[in-house]
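Structural characterization, general
Residue-level listing of the chains:
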Amino acid sequence: MKKLIMMTMGMVMACNSSQKTISETSEVTYTPKSPKVYAETITEEELKEHLYIYASDDFEGRETGKPGQKKAVEYLREKYKTMDIPAAKKDGDYFQNVPLEVSQLPKGSLTVNGKEYPLGTDFLTFSRAQGSYDHIVYAGYGIESGNYSDYNNLDVEGKIVLIKAGEPVDDNGNYKISGSSKKSVWSNMSESMGKRMELATSKGAKGMLYFDQANFPRFKSRFDWMKSNDSGRMELSNDSTGGFFTFWINSKLANAILPNIATQKKGKTLTVPLKIDVQSQNNGVVSENVVAVIEGSEKPEEYVVISSHLDHIGVSPDGEINNGADDDGSGSVALLEIAQAFKQAAEDGQGPKRSIVFLHVTGEEKGLLGSRYYTDIEPIFPLKQTVANLNIDMIGRIDPKRTGERNYIYLIGSDKLSTDLHELSEEVNTKFTNIELDYTFNDENDPNRFYYRSDHYNFAKNNIPIIFYFNGTHDDYHRPGDTPDKINYDLLENRTRLIFHTAWEVANREQRVIVDKILE
Ligand SMILES: [Zn+2]
């Protein structure tokens with residue numbers, strides 16, 4: 001019905017607002033309308049209409065792999081079809097399958113030089129692995145940065161690497177990576193592990209033995225907790241990650257493989273017979289990202305990805321539904337409204353110059369799985385041509401701990417990789433939405449670590465400039481009370497319009513946003 005009205009409306013408007021002039025050569029040209037016109041098609045009413053369905057009990061809290069999550073992806077697909085916005089995948093399928101597996105904690109042991117070391121005592125892991133090896137390659141800190149590499153002259157292809165935590169220091173006691181007394185990202189708890197695993201994988205290693213004396217007790221208490229509550233851990237399926245495994249090993253095992261490992265500087269291949277027998281019960285689960293695209297009119301091969309997560313935490317053990325209206329129902333419906341606004345513009349001949357990708361990812365609550373699958377395993381559009389990611393996760397509520405203006409939003413990460421994007425975001429806000437942009441959580445060392453806790457992080461780690469839009473946690477965060485009636489729809493509308501205007505500017509600006517800082 002609406003679309004039809006729009007059509008006639010469009011006709012009328014064509015007459016008096018976006019002037020359509022017919023030149024002698026009967027070429028149709030449009031007088032550009034301000035993006036404000038399209039931002040105003042993003043309304044509280046429509047956001048509310050969507051959210052009361054998407055975060056209703058019917059959707060059972062949208063837990064990844066469960067019926068409620070399937071309802072969610074169906075709903076999103078239906079909406080893109082209705083809006084006549086095509087699927088991102090060439091085969092026209094709006095769903096990007098994300099192969100997952102729920103793995104119970106594995107059981108088993110390691111044998112080194114004929115001596116057995118039990119899982120859960122001398123080493124910890126969440127992945128299964130089996131095999132016999134004659135050599136282990138010691139690769140020091142397992143770091144590669146600038147001219148420094150622990151992998152120089154080492155061949156780890158198809159082998160097991162032994163790596164220790166820490167960073168190299170020079171004779172003056174300065175850290176070689178930073179060149180100063182400041183530690184680098186390779187010592188940052190949230191990143192150092194992932195970076196070492198990705199690097200070892202990229203070198204072709206089969207698995208990694210990681211010796212971190214300081215943090216082993218912390219890993220162990222987490223492992224023991226999981227053992228006592230073994231509800232299984234959802235991960236990207238082994239097949240999709242190529243079966244790379246990581247073992248956290250204690251000092252006893254590390255020194256059994258390489259005595260005095262703590263003082264060993266140089267990487268080398270060790271002749272150590274190693275037998276791995278770690279098994280776990282894994283159940284495959286298939287989930288889906290929903291991905292649609294509006295192709296750019298001038299630079300279709302450059303992509304602006306706007307993302308939110310479609311899943312939530314499901315039903316609590318006591319049967320209560322966690323509706324997830326704010327987390328991330330607000331981001332999901334905001335993305336639908338932004339899409340319809342761009343579609344309207346495109347119908348008026350004012351489509352974005354760069355392509356806009358609408359990426360609804362699954363498995364966020366399970367560990368940013370859907371977005372990791374998109375960036376690390378199957379990016380539908382090349383990451384190199386992805387100019388920015390705007391990620392929306394919880395923009396419908398107010399942080400009760402915050403004082404001051406209620407018309408605010410926390411911005412995280414906008415200045416991490418691109419000063420350009422940061423300034424653009426500020427300018428757009430001043431021009432159109434006048435929201436208080438709060439950078440309280442923007443410091444990557446902020447104890448909440450929000451920078452690492454939502455889907456933008458998988459784009460940022462690939463040096464794609466990101467902005468994370470977030471209203472902070474509140475009393476109903478991850479609780480059954482996170483319901484549609486508690487959403488501040490006026491704030492949700494204004495925040496959604498800010499994101500629309502920012503995407504509009506990134507997509508239509510002559511120059512692609514400049515990446516002037518790169519993460520290690
Ligand atoms: Zn969330």
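Model, not experiment: these values are computed from the prediction.

1. Thoughts on the sheet that holds strand β6 (residues 123-124)
Strand order across the open sheet formed by 8 strands is β5-β4-β14-β7-β10-β11-β13-β6, with mixed pairing between neighbours. Strands at the two margins of the open sheet, each flanked by one partner only, are β5 (115-118) and β6. In the sheet, strand β7 (residues 129-138) pairs with strand β14 (residues 268-279) via 9 bridges, with the strands oriented antiparallel. Each bridged residue has a counterpart across the sheet, and for Ser132 the counterpart in β14 is Lys275.

2. Comments concerning the packing of helix α11 (residues 419-433) against helix α13 (residues 489-508)
Where α11 meets α13, the axes come as close as 9 Å, and the angle between the chain directions of the two elements is 125°. Here α11 lies oblique to α13, going by the angle between them. Relative to α13, the crossing made by α11 is right-handed. Where α11 approaches α13, its residues Leu421, Leu424, Val428, Asn429, Phe432 and Thr433 are matched on the opposing element by Asn494, Arg497, Leu498, His501, Thr502, Glu505 and Val506. In terms of residue class, the contact of α11 with α13 is built from 6 nonpolar, 5 polar and 2 charged.

3. A look at the coordination of the zinc ion
In this structure, His309 (NE2), Asp327 (OD), Asp393 (OD) and Asp393 (OD) serve as the protein donors to the zinc ion, at separations of 1.9 to 2.6 Å. Classification of the site at the zinc ion as irregular follows from its 4 donor atoms and the range of 53 to 146° in their angles at the metal. When the donors of the zinc ion are listed by position in the chain, the intervening gaps give H-x17-D-x65-D. With His309 in strand β16 (residues 299-309) and Asp393 in the loop between β18 (386-392) and β19 (408-412), the pair connects residues that are 84 residues apart, well separated along the chain. Asp393 sits in the buried class, given a relative accessible area of 4%.

4. Focus: helix α9 (residues 325-347)
Structurally, the α-helix is built with 3.6 residues per turn, so residues lying three or four positions apart point the same way. Between the first and last C-alpha of α9 there are 31 Å, a value that for 23 residues agrees with the 33 Å anticipated at 1.5 Å per step. With 21 of its 23 residues buried, α9 lies for the most part within the structure. Looking one or two residues beyond α9, the residue adopting positive phi is Gly349, at roughly 80°.

5. Observations regarding unusual backbone geometry
Along the chain, Asp327 connects to Asp328 via a cis peptide bond; the corresponding omega equals -5°. With respect to the helices, strands and loops of the structure, Asp328 is situated in helix α9. The phi dihedral of Arg449 is positive, around 55°, even though this residue is not glycine. Mapped onto the elements of the fold, Arg449 is located in the loop between β20 (436-438) and α12 (456-460). The exposure class assigned to Arg449 is partly exposed, which follows from its relative accessible area of 22%. The backbone phi angle of Asn463 is positive, close to 60°, even though this residue is not glycine.

What counts as what
- Residues numbered from 1 in each chain as written.
- Predicted model: local features only at pLDDT ≥ 70, side-chain atom pairs only at ≥ 80, totals over all residues.
- Heavy atoms only, no water.
- Pairing = 2+ DSSP bridges.
- Helix = DSSP H or I, 4+ residues; strand = E, 2+ residues; numbered from the N terminus.
- Axes fitted to C-alpha atoms, helices over the stretch in contact; angles between N-to-C directions.
- Parallel < 35°, antiparallel > 145°, perpendicular 65-115°, else oblique.
- Left-handed = near helix turned anticlockwise from the far one by under 90°.
- Contact = heavy atoms within 4.5 Å.
- Nonpolar A, V, L, I, M, F, W, Y, C, P; charged D, E, K, R; others polar.
- Donors = N, O, S within 2.8 Å, 3.2 Å for Na, K, Ca; no water.
- Tetrahedral: all angles 85-135°; square planar, octahedral: opposite > 155°, others 65-115°.
- Buried < 20%, exposed > 50% of the residue type's maximum accessible area, 1.4 Å probe, protein only.
- Expected span 1.5 Å × (residues − 1).

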